[in-house]
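# Residue-level structural notes
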Amino acid sequence: MLLWIALLMAALSKPADGGGRSGPAFDGTQQTTVVARAGGSVELHCRVLRLADRAVSWVRSSDLQILTHAGAVFTADTRVSCAAASQEDPRGTVHSLRIEVLRVSDSGRYECQINTEPKMSLFFNLTVIEWDLPAVSVSVLSGSVLRAMLGGSAILSCEARYEPSAALAAMPAAALAALAPLSLHWEHNGEALNPQSARGGISLETERWETRLESRLTLAALVAKDAGRYVCAAPDDGATISLRLYRREGDDRDDDIIDGEMEMQRDEPEPRLSSAPSLIVFLKLVTIGALIAFGS
């Protein structure tokens, strides 16, 4: 009897879908607030996991108009098109709704819908503005030239921000929230910097505000290869920091400075001047002196 009750309770507690991960689901990390400029175009990307044989539709919430279904357009509006990524992508399929020649009236909520029973929906909020989107600028916070000791540590920092402008000041809170998140990546001597590289001792910290982002790169246990040119870059702008390493603290002599390219040049053997020209000059002076003495 007790065994039968235990089996019954286990059956009732088991999810109906066999574990809760067998059916379709939306990727919870995707950006669902979007801002775009009137006259331009926009794409809303809806990532679906484990779609299997289900279909995805895009619906405009304001009038419940079905815009697309299973990759086909269901509206006479020629500005609307759609696309879907390959089903073979392990991260799921991306179903995109594209609207061209945007109008302010296109602002509103759009529904990415899966034809399950009941239907599953993920809502996207589009804000179309009539002014230019704010520009992004990148600047250095730690100084464009940094000095550090070999074996020590260095902190490089920079910021990205939306440039202050009348357009930015006039943007409503909903439009500000819909701006693309600011991002920065780091490069060292022209190559992307990976905090997870085998070098170790690299950490990256990021702080975000509504219209600004700060990025701090920390390098521990500095070695000669760490010297050189660092770039923190956003998609449309970037800033450069030069890291110079010293062998001895407080020594500013050139032979104690490592700064990438200059250090490689110093490692090359210095050319030695031949003593032959000096000997020739000496013999000429002796000869002239003897002639002067003989003539006198």
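- Looking at an unreviewed UniProt entry, one finds the chain named Ig-like domain-containing protein, with Pieris brassicae as its source organism.

### Describing the overall build of the chain
- In terms of helices and strands, the chain carries five helices and 20 strands.
- Counting all 296 residues of the chain, 32% fall into the buried class.
- Here the analysis covers contacts within the chain between residues at least 6 apart in sequence; of these, 61% occur between residues at least 24 apart.
- As presented, the chain carries roughly 18,500 Å² of accessible surface, and 57% of it is formed by carbon and sulfur atoms.

### With respect to the pattern of salt bridges
- Evaluation of the coordinates by the stated rule reveals 12 salt bridges.
- A salt bridge links Arg 98 to Glu 100; the nearest nitrogen and oxygen atoms lie 3.1 Å apart.
- Among the charged side chains, a network of salt bridges with common partners joins Glu 159, Arg 161, Glu 207, Arg 212, Glu 214 and Arg 216.

### Overview of the sheet that holds strand S2 (residues 33-37)
- Strand order across the open sheet formed by six strands is S2-S10-S9-S4-S5-S6, with mixed pairing between neighbours. Edge strands, defined here as strands with exactly one partner in the open sheet, are S2 and strand S6 (72-73).
- Sheet analysis places strand S4 (residues 56-60) next to strand S5 (residues 65-69), joined by four bridges and oriented antiparallel. In the sheet register, Arg 60 faces S5, and the bridge partner there is Gln 65.

### A look at unusual backbone geometry
- The peptide bond linking Glu 117 to Pro 118 adopts the cis configuration, its omega dihedral lying at 0°.
- Within the secondary structure, Pro 118 is located in the loop between strand S9 (108-114) and strand S10 (120-129).
- With a phi close to 55°, Ala 52 is a non-glycine residue in the positive phi region.
- You can see Ala 52 is positioned in the loop between strand S3 (42-49) and S4.
- Under the relative-accessibility criterion, Ala 52 is labelled exposed at 60%.
- At Ala 221, a residue that is not glycine, the phi angle is positive and equals roughly 50°.
- Here Ala 221 lies in the loop between strand S17 (212-219) and strand S18 (228-234).

Criteria and thresholds
- Residues numbered from 1 in each chain as written.
- Predicted model: local features only at pLDDT ≥ 70, side-chain atom pairs only at ≥ 80, totals over all residues.
- Heavy atoms only, no water.
- Helix = DSSP H or I, 4+ residues; strand = E, 2+ residues; numbered from the N terminus.
- Buried < 20%, exposed > 50% of the residue type's maximum accessible area, 1.4 Å probe, protein only.
- Contact = heavy atoms within 4.5 Å.
- Areas by Shrake-Rupley, 256 points an atom, 1.4 Å probe, with all protein chains shown as cover.
- Salt bridge = Lys/Arg side-chain N within 4 Å of Asp/Glu carboxyl O.
- Pairing = 2+ DSSP bridges.

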